[in-house]
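One letter stands for each residue in the lines below.
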Amino acid sequence: MIRNPVFCALDTTDPQAALALSRRLAGLVGGLKLGLEFFSANGPQGVRAVIEGGLPLFLDLKFHDIPNTVAGAVRAAVRLGPAMTTLHACGGREMMAAAVDAAADAAAKWDVVRPRLLAVTVLTSMSQSDLAQSGVADPLLDQVKRLAALAQEAGVDGVVCSPHEVEALRAQCGPNFHLVIPGIRPAWAAANDQKRVLTPVEAMAKGADWLVIGRPITAAADPALAAGRIQDELAGGAS
Ligand code: C5P
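A short tour of the structure in this document, coming up. In this text, all values refer to a predicted model and were calculated from it rather than measured experimentally.

Moving on: the overall build of the protein. In terms of helices and strands, the protein carries 10 helices and eight strands. If one aligns the C-alpha atoms of the protein with their principal axes, the spans along those axes are about 45 × 40 × 35 Å. The buried share of the protein, reckoned over its 239 residues, is 49%. Once local pairs closer than 6 in sequence are excluded, the contacts in the protein between residues at least 24 apart make up 67%. Total accessible area on the protein is roughly 11,000 Å²; 53% of this is exposed by carbon and sulfur atoms. With 21 positive and 23 negative side-chain charges, the protein shows a spacing of 2 Å between the two charge centroids.

Next comes the structure, spelled out in structure tokens:
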């Protein structure tokens, strides 16, 4: 059976809605992404309830703090058994290396699989002028590539990147570095507020490993049908 690369983003504070979606999507997506919105409202207990059906978890908490604090947060997150979790590359090499060590230690301690650590480089909500205001005058893609290289050197497993960046990062980082891509829209779905989109098949062809897809599934009249349609497109190679 072909690996399903789709993590469905459940961007909600409502635990019942998230649980209902997780039940409907079992077998139709590769996993679920829960982020700051859900976690802030429902905490670890809420996360446990949503993943009880067994779908892999992408816990997207985007850690960014001093190394000791991030290491502690990663250790706590690992207890939830996520397949993937995130941190900001601009926290620096030492912070990322501390997170890598903490993930390995905690996974051994709790007897769970070590989650893949993914770095966020430059948030895609940031423009070139936002970057300049933060003191970085270089072209945005250069900064993305620099932070991805730093993450890779620190032992991080991959990055979350935009559809625009995937080819350059695949070329730079090699085949084993995980590239996780949001901003995915099937040809039949609305773009919503995503400005640069790729279809699932296009993103995989450009070198993505995993796709984060939210509203094309969660806001569909029938989420299971939408997820199944994406699964079929990926299996058949149609866009
Ligand atoms: O609904 P939609 O498919 O746009 O959801 C995309 C998900 O990916 C959301 O959880 C969003 O926060 C996340 N994301 C994104 N763009 C990024 C990073 C994360 O859309 N650059």
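Time to look at the nonpolar core. Ranked by size, the top nonpolar core spans 64 residues in total, and within it Val-29, Met-96, Leu-211 and Ile-217 carry the most contacts. No other element matches helix α4 (residues 93–110), which puts eight residues into this core. When near neighbours in sequence (up to four residues on either side) are disregarded, Ile-217 contacts Val-6, Cys-8, Leu-25, Val-29, Pro-223, Ala-226, Ala-227 and Ile-230.

Okay, the sheet that holds strand β6 (residues 158–160) next. Judged by pairing direction, the barrel is parallel, and its eight strands sit side by side in the order β1-β2-β3-β4-β5-β6-β7-β8 before closing back on the first. Neighbour to neighbour, the strand axes of the sheet diverge by 25 degrees on average, direction disregarded. Bridge count between strand β1 (residues 6–9) and strand β2 (residues 31–35): three bridges; the pairing is parallel. Counted as the bridge partner of Cys-8 is Leu-32 from β2. Those strands touched by helix α2 (residues 36–50) are β2 and β3 (57–63), and its axis lies near 135 degrees from that of β2.

A word on a positive patch on the surface. Together, Arg-48, Arg-75, Arg-79 and Lys-109 give the surface a local cluster of positive charge. Examined against the element boundaries, Arg-48 turns out to sit in helix α2. We classify Arg-48 as partly exposed; its relative accessible area is 37%.

Let's shift gears to the site of the ligand. As a matter of local geometry, the ligand sits amid Ala-9, Asp-11, Lys-33, Thr-124, Pro-182, Arg-185, Gln-194, Val-212, Ile-213, Gly-214, Arg-215 and Pro-216. Thr-124 places a polar side-chain atom, nitrogen or oxygen, 2.3 Å from a nitrogen atom of the ligand. Between the ligand and Gln-194, the relevant distance is 2.8 Å, taken from an oxygen atom to a side-chain nitrogen or oxygen of the residue. Summarising the interface, the protein chains cover 80% of the accessible area of the ligand, which totals 460 Å² for the free molecule. Counting residues per element, the ones that place at least two in the shell around the ligand are β8 (210–213) and α9 (215–218). When its residues are assigned to classes, the shell around the ligand shows five nonpolar, three polar and four charged.

Quick notes on the rules
- Residues numbered from 1 in each chain as written.
- Predicted model: local features only at pLDDT ≥ 70, side-chain atom pairs only at ≥ 80, totals over all residues.
- Heavy atoms only, no water.
- Helix = DSSP H or I, 4+ residues; strand = E, 2+ residues; numbered from the N terminus.
- Buried < 20%, exposed > 50% of the residue type's maximum accessible area, 1.4 Å probe, protein only.
- Contact = heavy atoms within 4.5 Å.
- Areas by Shrake-Rupley, 256 points an atom, 1.4 Å probe, with all protein chains shown as cover.
- Lys, Arg positive; Asp, Glu negative; His and termini not counted.
- Charge placed at Lys NZ, Arg CZ, Asp CG, Glu CD.
- Core = buried A, V, L, I, M, F, W, Y, C linked by side-chain atoms within 4.5 Å.
- Pairing = 2+ DSSP bridges.
- Axes fitted to C-alpha atoms, helices over the stretch in contact; angles between N-to-C directions.
- Patch = residues over 30% accessible without salt bridge, like charges linked within 9 Å, V, L, I, M, F, W, Y side chains within 5 Å.
- Salt bridge = Lys/Arg side-chain N within 4 Å of Asp/Glu carboxyl O.
- Near = heavy atom within 4 Å.
- Polar contact = N/O pair within 3.5 Å; in protein donor to acceptor, adjacent residues only side chain to side chain.
- Nonpolar A, V, L, I, M, F, W, Y, C, P; charged D, E, K, R; others polar.

Coordinates in, geometry out; function isn't part of it.
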